[in-house]
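These are the residues of each chain, in order.
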Amino acid sequence: IIAFWDRTSDFYSSHIASPVSVAAINISAENAQLIDEQMMTCRRWDDKKVRTFSSSGASKVNHAVALDFVLTSASDQDTIVTGMDVEVSTADNVAGGEPGIVVPNHTYFVEIEHDEGTQSFPLNPSYRIPPRGTGAFTVAFQPKEEGVGMCWIMKVVFNTNLGAASSEEISLIMSRFR
């Protein structure tokens, strides 16, 4: 029985479970105007708090929310990140509110729709993480449409040649206006 379990575990680890994971999400160093807080959410029907990133209340200009994602790979081969899916579970509005060591070396710009559902974005160029390595890049989220106090609760899922790596659920609060 033990030998069967060991073989089953090895098969699962090498063929089913993704060896890639999201190790951290941080505010990009280029975004001094952003706030990372735990206390806000755009969910109105429950008290579940998610990590929220937004522009500071003093900032009245349009700002993309640029976040650094750190991915790690436990694989013995290169990991190629080819795209990402943003799985939006809530797209709502708020009245207002105040919204590592591994240095990111590339920025991807994404215009996110203020709508629920999965939004897919190719990462071009693809991002390479060396075997048993760590890589970090920035994703700058910008609302596609105009609005004030737009809020998203979402996960970011990175698609790789070795499987998917999903972030924790996060919330973004942004505005876009002329």
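Up top is the structure these notes are about.
First, a word on scope: everything that follows refers to the structure included in this document. All of these numbers come straight from a predicted model, not from anything done at the bench. (Residues numbered from 1 in each chain as written. Predicted model: local features only at pLDDT ≥ 70, side-chain atom pairs only at ≥ 80, totals over all residues. Heavy atoms only, no water.)

1. A few points about the pairing of strand S8 (residues 134–143)
Right, on to step 1. Burial of S8 is extensive: nine of the 10 residues sit out of reach of the surface.
Right, on to step 2. With eight bridges connecting them, strand S4 (residues 65–73) and S8 associate as antiparallel partners. In the strand pairing of S8, Leu71 is matched with Gly135.
Right, on to step 3. Relative to S8, strand S6 (residues 107–112) runs parallel, the two sharing six bridges. For Thr107, the partnering residue across the bridge sits in S8 and is Thr138. (Buried < 20%, exposed > 50% of the residue type's maximum accessible area, 1.4 Å probe, protein only. Helix = DSSP H or I, 4+ residues; strand = E, 2+ residues; numbered from the N terminus. Pairing = 2+ DSSP bridges.)

2. Notes on unusual backbone geometry
Right, on to step 1. The omega torsion of the bond from Asn124 to Pro125 falls at 5 degrees, within 30 degrees of zero and hence cis.
Right, on to step 2. On the secondary structure map, Pro125 appears in strand S7 (residues 117–129).
Right, on to step 3. A positive phi angle is found at Arg132, which is not glycine, with a value near 50 degrees.
Right, on to step 4. Position of Arg132 among the secondary structure elements: in the loop between S7 and S8.

3. Describing the pairing of strand S9 (residues 147–160)
Right, on to step 1. Taking burial as the measure, the 14 residues of S9 include 11 buried ones, the bulk of the element.
Right, on to step 2. Note: S9 against strand S11 (residues 170–176), six bridges, orientation antiparallel. Counterpart to Met154 in the pairing with S11 is Ile170.
Right, on to step 3. Across four bridges, S9 lies against strand S10 (residues 163–166) in antiparallel orientation. Bridging across to S10, Thr160 finds its partner in Gly163.
Right, on to step 4. Linking two consecutive strands that pair antiparallel, namely S9 and S10, is a turn of two residues.

4. Quick look at the pattern of salt bridges
Right, on to step 1. This model, assessed by the stated rule, comprises four salt bridges.
Right, on to step 2. Across the pair Arg132 and Asp76 runs a salt bridge, and its minimum N-O distance is 2.8 Å. Taken as a pair, Arg132 and Asp76 share a single burial class, namely exposed.
Right, on to step 3. A salt bridge links Arg176 to Glu111, with the shortest nitrogen-to-oxygen separation between them at 3.1 Å. Residue Arg176 is located in strand S11, and its partner Glu111 is located in strand S6; the two are separated by 65 residues in the primary sequence.
Right, on to step 4. Among the residues examined, Glu111 registers a relative accessible area of 40% and is labelled partly exposed. (Salt bridge = Lys/Arg side-chain N within 4 Å of Asp/Glu carboxyl O.)

5. Details of the side chain of Gln119
Right, on to step 1. Structurally, Gln119 is set in strand S7.
Right, on to step 2. Classification of Gln119 as buried rests on a relative accessible area of 10%.
Right, on to step 3. Engagement of the side chain of Gln119 in a polar contact is seen with the backbone nitrogen of Glu113, the distance being 2.9 Å.
Right, on to step 4. In this structure the side chain of Gln119 is engaged in a polar contact, spanning 3.4 Å, whose partner is the backbone oxygen of Asp115.
Right, on to step 5. Setting aside residues no more than four positions away along its own chain, Gln119 makes contact with Met84, Asp85, Val86, Val88, Ile112 and Glu113. (Polar contact = N/O pair within 3.5 Å; in protein donor to acceptor, adjacent residues only side chain to side chain. Contact = heavy atoms within 4.5 Å.)

6. A short note on the sheet that holds S8
Right, on to step 1. If you walk across this open sheet you meet the four strands as S1-S4-S8-S6, and the pairing is mixed. Two strands bound the open sheet, and with one partner strand each, they are strand S1 (20–27) and S6. Adjacent strand axes in the sheet meet at a mean angle of 30 degrees, parallel and antiparallel pairs treated alike. (Axes fitted to C-alpha atoms, helices over the stretch in contact; angles between N-to-C directions.)

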